[in-house]
Amino acid sequence: MRWRPLLAVLLALVLVSAAAGETLKIDFTPTGGPVEPGYQAYFATNINPATFTAQNYAAFGGNVTIQPTWAANAVAAAMRMVNRTGSGTNAYTDVHQPLILDWIGTDNRQAGDPMTLTISGLPAGLYDWSSYHHDGDNQTGRFDVTVNDA
């Protein structure tokens, strides 16, 4: 499964297996940042390409791997993992504060399909996909999803 956003921000990813009734919830957050209760963290460091690694999660009776990648010519500044300070124009207050204050994304320094989110290791079956997107100050443009399976 691949996710290709253009100028989009992903707060969280939720996959639900129709067969197993199991859920995998991922909160994208800076290394050491807050994690929404009930979610597992995908940790990386803002504008540090080496930290956007394949990260593994026990789910659906196996091991699911999630990895964001950028085009070969992408600049590090386009590889974003941000935790908002919660002040000024970004003052978000909500019961789900860890989930809305941190996010993974890309920006307009990378043209085309700037980021691909690859999810591998899912057993054959039907899944429901939910993802939460938000950047009240900067989100613009299209959001495209492409799903490739075996």
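Fair warning: this is a prediction, and the values are worked out from it, not measured in the lab.

What counts as what
Residues numbered from 1 in each chain as written. Predicted model: local features only at pLDDT ≥ 70, side-chain atom pairs only at ≥ 80, totals over all residues. Heavy atoms only, no water. pLDDT = per-residue confidence, 0-100. Helix = DSSP H or I, 4+ residues; strand = E, 2+ residues; numbered from the N terminus. Contact = heavy atoms within 4.5 Å. Core = buried A, V, L, I, M, F, W, Y, C linked by side-chain atoms within 4.5 Å. Buried < 20%, exposed > 50% of the residue type's maximum accessible area, 1.4 Å probe, protein only. Phe/Tyr/Trp six-rings, centres within 6.5 Å; stacked < 30°, edge-to-face > 60°.

(A) Quick look at the confidence of the model for the protein. On average, residues of the protein score 75 in pLDDT, and 65% of them reach the 70 mark or higher. Within the protein, the lowest mean pLDDT, 41, falls on strand β1 (residues 2–5), and the highest, 95, falls on strand β5 (residues 55–59). Note that pLDDT drops below 50 for residues 1–8; the model gives that stretch 51 contacts with residues more than four away or on any other chain. Segment residues 87–92 is flagged for pLDDT under 50; beyond a separation of four residues in sequence, or across chains, it makes 11 contacts in the model.

(B) View of the nonpolar core. Counting residues in hydrophobic clusters, the biggest one holds 22 residues, and the most contacted among them are Ile26, Phe28, Tyr42, Phe52 and Ile66. Breaking this core down by element, the ones donating at least two residues are β2 (9–17), β3 (23–30), β4 (40–44), β5, β6 (62–70) and β9 (115–120). Each residue touching Tyr42, except ones within four places of it in the same chain, is listed here: Ile26, Asp27, Phe28, Thr29, Thr51, Phe52, Thr53, Gln55, Tyr57, Ile66, Pro68 and Met81.

(C) Inspection of the environment of Met81 at higher detail. Inspection of the secondary structure puts Met81 in strand β7 (residues 80–83). The spacing of Met81 and Phe43 is 38 residues in sequence and 8.4 Å in space, taken between C-alpha atoms. Residue contacts for Met81: discarding those within four places in its chain leaves Phe28, Thr29, Pro30, Tyr42, Ala44, Thr45, Asn46, Phe52, Trp103 and Ile104.

(D) Looking closely at the packing of aromatic side chains. Overall, the coordinates contain three aromatic pairs when judged by the stated rule. Relative to Tyr42, the ring of Phe28 has its centre 5.6 Å away and its plane inclined at 45°; by these criteria the two rings are tilted. Of this pair, Phe28 sits in strand β3 while Tyr42 is found in strand β4, placing the two residues 14 residues apart along the sequence. When sorted by exposure, Phe28 lands in the same class as Tyr42, which is buried. Arranged with centres 5.2 Å apart and planes meeting at 75°, the rings of Phe60 and Tyr127 form a pair that is edge-to-face. With Phe60 in the loop between β5 and β6 and Tyr127 in strand β10 (residues 127–133), the pair connects residues that are 67 residues apart, well separated along the chain. With respect to class, Phe60 is no different from Tyr127; both count as buried.

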